[in-house]
Amino acid sequence: MTRGGLILAVESSCDETGIALVEDGRRIHSNVVASQVAMHAAAGGIVPEVAARAHLRWIVPVLDEAWAEAGVGWDDISAVAVTEGPGLAGSLLVGINFAKTLAYVHGKPLVPVNHLEGHLYAAWLADEAREVPEPIFPLVALIVSGGHTFLVEMRDHLQYKLLGETVDDAAGEAFDKVGRLLGLPYPGGPEIMRAAAGATRHDVVFPRAWLRDSFDFSFSGLKTAARRTIATETGGQGTSTGESPLGEDRVAELAAGFQDSVVDVLVTKTIRAARAAGARSVVLGGGVAANRVLRDRLAAAAEAAGMPLVVPRPALCTDNGAMIGAAAARRFEAGARAGLDLDAKPSLPLARR
Ligand code: KG4
Ligand code: ZN
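Remember, predicted model here, so these are calculated numbers, not experimental data.

A.B. asks: How do you make sense of the sheet that holds strand β8 (residues 161-165) when you look at a structure like this?
C.D. replies: Within a sheet, adjacent strands bond to each other through the backbone by hydrogen bonds, running parallel or antiparallel. With mixed pairing, the five strands of this open sheet are ordered in space as β8-β7-β6-β9-β10. Two strands close off the open sheet at either side, each with one partner strand: β8 and β10 (309-310). With two bridges connecting them, strand β9 (residues 281-285) and β10 associate as parallel partners. When the sheet's bridge partners are listed, Val-282 is paired in β10 with Leu-309. Relative to strand β6 (residues 139-144), helix α8 (residues 248-277) is tilted by about 155°, and along the sheet it contacts β6, β7 (149-154), β8 and β9. In the packing of helix α9 (residues 292-304) onto the sheet, contacts are made with β6, β9 and β10, and the angle to β9 comes to roughly 170°.

What follows is the structure, encoded as structure tokens:
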């Protein structure tokens, strides 16, 4: 049975301009991403106005490349999908107005997609490079990105029960902030992973915020602990982006200690939630899911608990258009349509408790 046909999906909620052509929510015909990471690295973070202007600059070339890679045309398209939120208002607006115009001009239905639902549905995308099983319900999913960290239970498609979320920083935000404290370039997530891989002693232990039995997360205490340790070890001088007075080996040890603490809490709570829900599979998504240590440890723990972990390859974990196409297929099938009055929803939630 067809599940939406071929959907053209547009993602522009943060700092990646992504357009993909996805068939039935599973088969990727093309998935083009123009990343602004290098541009924002100079400022040490995302400048919203700069991000929106870069989306404007890149969205047409990204679409051209998506068509060229897929070798299909408008006649093959059943709908245009776009991220409506959450995200940066200006960035969202570029993608929304672009998608609206395409849908209007080519007479295609417009399907609004929640960015967080996109991160979840990336787990349903097929991978040419390896066999990926489809997630099985009921499942528990951990979504960890730069703006969000939450655990959700799904008993069927498009049904979400929020089990827990961060009470302060998102996991990716914590990686980025501690990366900066360690003098690593932006974004801190991949840099900390790379630095931590070089640690040999593993003698740094940072606190874990368990928040008793809840499935909520907190990373601000860990960030403060890291800041204190770094300040002490640099004689109160701290580090800013650029040269670190700590030395490469020490940065590696601190990065590993920080990463261990984050991964330990994420893995432990996810497995506990999955057991409590009687889950048959565990899903991992969001930019931080590109982290090798998190992927490996969660896979091992899920396997030991008799539930396979489904996690997309790293390029499908960070923001991209294909994940929006995957979620859009289900939304399209369920009858979701947007009019030309579709507006950006910067704080759109995925689910309420
Ligand atoms: O999902 P995403 O691309 O954008 C948002 O929706 O926020 O996530 C971006 C976040 C950033 O905080 C980045 O540092 C983090 O994902 N990230 C990683 C890794 N790759 C990206 N964090 C840890 N390890 C990584 N390898
Ligand atoms: Zn994202």
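A.B. asks: Explain the pattern of salt bridges to me, please; I cannot follow it from the model alone.
C.D. replies: Where charged atoms from two side chains of opposite charge approach closely, those side chains can pair. Within the structure shown, the criterion is met by 18 salt bridges. One salt bridge in this structure joins Asp-169 and Lys-223, with 2.8 Å as the shortest N-O distance. In this pair, Asp-169 sits in the loop between β8 and α5 (171-181) while Lys-223 sits in helix α7 (residues 220-233), placing the two residues 54 residues apart along the sequence. Taking the relative accessible area as the measure of exposure, Asp-169 reaches 7% and is therefore buried. You can call Lys-223 buried: its relative accessible area is 12%. Residues Arg-292 and Asp-296 are paired through a salt bridge, measuring 3.1 Å at the closest nitrogen-oxygen approach. Of this pair, Arg-292 and Asp-296 both sit in helix α9, four residues apart, which is roughly one turn of that helix.

A.B. asks: Please clarify how the side chain of Lys-269 should be interpreted in this entry.
C.D. replies: Within the fold, Lys-269 resides in helix α8. Comment: no salt bridge for buried Lys-269; closest opposite-charge side chain is Asp-216, at 7.2 Å. Separated by 2.7 Å, the side chain of Lys-269 and the backbone oxygen of Asp-216 make a polar contact. Setting aside anything within four residues of it in sequence, one finds Lys-269 in contact with Leu-151, Ala-209, Trp-210, Leu-211, Ser-214, Phe-215, Asp-216 and Phe-217.

A.B. asks: How do you make sense of a nonpolar patch on the surface when you look at a structure like this?
C.D. replies: Taken together, the side chains of Met-39, Val-47 and Val-50 define a hydrophobic patch exposed on the protein surface, amounting to about 190 Å² of accessible area. With respect to the helices and strands, Val-47 occurs in the loop between α1 (37-41) and α2 (48-70).

A.B. asks: I'm lost on the packing of α5 against helix α6 (residues 188-196) in this one. Help?
C.D. replies: A pair of packed helices is characterised by two quantities: the angle between their axes and the separation of those axes. The contact between α5 and α6 brings their axes to 7 Å, and the two run at 65°. Relative to α6, α5 is oriented roughly perpendicular. In the crossing of α5 with α6, the sense of the turn from one axis to the other is left-handed. Seen from α5, the contacting residues are Phe-175, Asp-176, Val-178 and Gly-179; seen from α6, they are Gly-188, Gly-189 and Ile-192. Class assignment of the residues belonging to the contact of α5 with α6 gives a composition of three nonpolar, three polar and one charged.

A.B. asks: Just to check I follow, could you spell out α7 for this structure?
C.D. replies: An α-helical segment advances 3.6 residues per turn. Residues three or four places apart therefore align on the same side. The end-to-end C-alpha distance of α7 is 20 Å, a good match for the 20 Å that 14 residues give at a rise of 1.5 Å each. All buried positions along α7 are accounted for by Leu-222, Lys-223, Ala-225, Ala-226 and Ile-230. The arc enclosing the buried residues of α7, seen along the axis, measures out at 160°, which places them on a common side. Opposite the buried face of α7, by more than 90 degrees, sit the exposed residues Arg-228 and Thr-232. Each element contacted by the buried residues of α7 is listed here: α5 and α8.

A.B. asks: Just checking my understanding: could you explain the packing of aromatic side chains for this structure?
C.D. replies: Working definition: an aromatic ring pair is given by the centre-to-centre distance plus the angle between the planes. Applying the stated criterion to the full structure yields five aromatic pairs. Ring geometry for Tyr-121 and Trp-124: centres 4.5 Å apart, planes at 25°, overall stacked. For Trp-124, a relative accessible area of 2% gives the class buried. Aromatic pair Phe-175 and Phe-258: ring centres 5.1 Å apart, planes at 85°, arrangement edge-to-face. Note that Phe-175 is positioned in helix α5 and Phe-258 in helix α8, a separation of 83 residues in sequence. An aromatic cluster is present here, built from Tyr-121, Trp-124 and Phe-137 joined pairwise through their rings. The ring of Trp-58 has Arg-57 sitting right over it, with the charged end atom 4.3 Å from the ring centre.

Calculation notes
Residues numbered from 1 in each chain as written. Chains lettered and ligands numbered in written order. Predicted model: local features only at pLDDT ≥ 70, side-chain atom pairs only at ≥ 80, totals over all residues. Heavy atoms only, no water. Pairing = 2+ DSSP bridges. Helix = DSSP H or I, 4+ residues; strand = E, 2+ residues; numbered from the N terminus. Contact = heavy atoms within 4.5 Å. Axes fitted to C-alpha atoms, helices over the stretch in contact; angles between N-to-C directions. Salt bridge = Lys/Arg side-chain N within 4 Å of Asp/Glu carboxyl O. Buried < 20%, exposed > 50% of the residue type's maximum accessible area, 1.4 Å probe, protein only. Lys, Arg positive; Asp, Glu negative; His and termini not counted. Polar contact = N/O pair within 3.5 Å; in protein donor to acceptor, adjacent residues only side chain to side chain. Patch = residues over 30% accessible without salt bridge, like charges linked within 9 Å, V, L, I, M, F, W, Y side chains within 5 Å. Areas by Shrake-Rupley, 256 points an atom, 1.4 Å probe, with all protein chains shown as cover. Parallel < 35°, antiparallel > 145°, perpendicular 65-115°, else oblique. Left-handed = near helix turned anticlockwise from the far one by under 90°. Nonpolar A, V, L, I, M, F, W, Y, C, P; charged D, E, K, R; others polar. Expected span 1.5 Å × (residues − 1). Arc of directions from axis to C-beta. Phe/Tyr/Trp six-rings, centres within 6.5 Å; stacked < 30°, edge-to-face > 60°. Lys NZ or Arg CZ within 6 Å of the ring centre and 35° of its normal.

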